[in-house]
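Chain by chain, the residues run as shown.
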Amino acid sequence: MPLYMDTHHHVEGLTQEAVAGAHARDLEVGQKYGVDYQQYWFDEGTGRVFCLVEAPNKEAAIAVHREAHGLLADEITEVKAGA
């Protein structure tokens with residue numbers, strides 16, 4: 001299944017607790033779409049968030065974010081794992 005990195009350029013009011021909560025909702029909703037949000041990284045200072053997601057396609061990954069919390073990514077890029 002393809003891997004994607006999604007990027008949120010600026011999430012207003014981003015905190016560690018908020019991003020953890022959003023990720024937990026992604027995990028719950030993702031089961032419905034066959035999507036696995038595997039890992040995330042964030043910077044509270046800039047509001048940037050990066051999510052690594054395994055999904056059948058970009059549209060499924062978008063659907064999970066939309067339903068889980070409404071915070072849609074600004075970019076979604078298909079990536080391959082390196083060594």
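Scroll up a little and you will see the structure.
First, a word on what this report is: a plain description of the structure on this page. (Residues numbered from 1 in each chain as written. Predicted model: local features only at pLDDT ≥ 70, side-chain atom pairs only at ≥ 80, totals over all residues. Heavy atoms only, no water.)

### Section: helix α1 (residues 16-33)
Consideration 1: Taking 1.5 Å per residue, 18 residues should reach 26 Å; α1 reaches 26 Å between its end C-alpha atoms and fits that length.
Consideration 2: Within α1 the residues assigned to the buried category are V19, A22, H23, D26, V29 and G30.
Consideration 3: Tucked inside the fold, the buried residues of α1 contact β2 (36-43), β3 (48-54) and α2 (58-68).
Consideration 4: Just past α1, the residue G34 takes up positive phi, approximately 70°. (Helix = DSSP H or I, 4+ residues; strand = E, 2+ residues; numbered from the N terminus. Expected span 1.5 Å × (residues − 1). Buried < 20%, exposed > 50% of the residue type's maximum accessible area, 1.4 Å probe, protein only. Contact = heavy atoms within 4.5 Å.)

### Considering the nonpolar core
Consideration 1: Core analysis: the biggest nonpolar cluster contains 17 residues, and V35, Y37, V49, V53 and A55 have the highest contact counts within it.
Consideration 2: Mapped by element, the contributors of at least two residues to this core are α1, β2, β3 and α2.
Consideration 3: Top element by residues in this core is α2. It accounts for four residues.
Consideration 4: Excluding residues that lie within four positions of it along the chain, A55 makes contacts with M1, P2, Y4, G34, V35 and A61. (Core = buried A, V, L, I, M, F, W, Y, C linked by side-chain atoms within 4.5 Å.)

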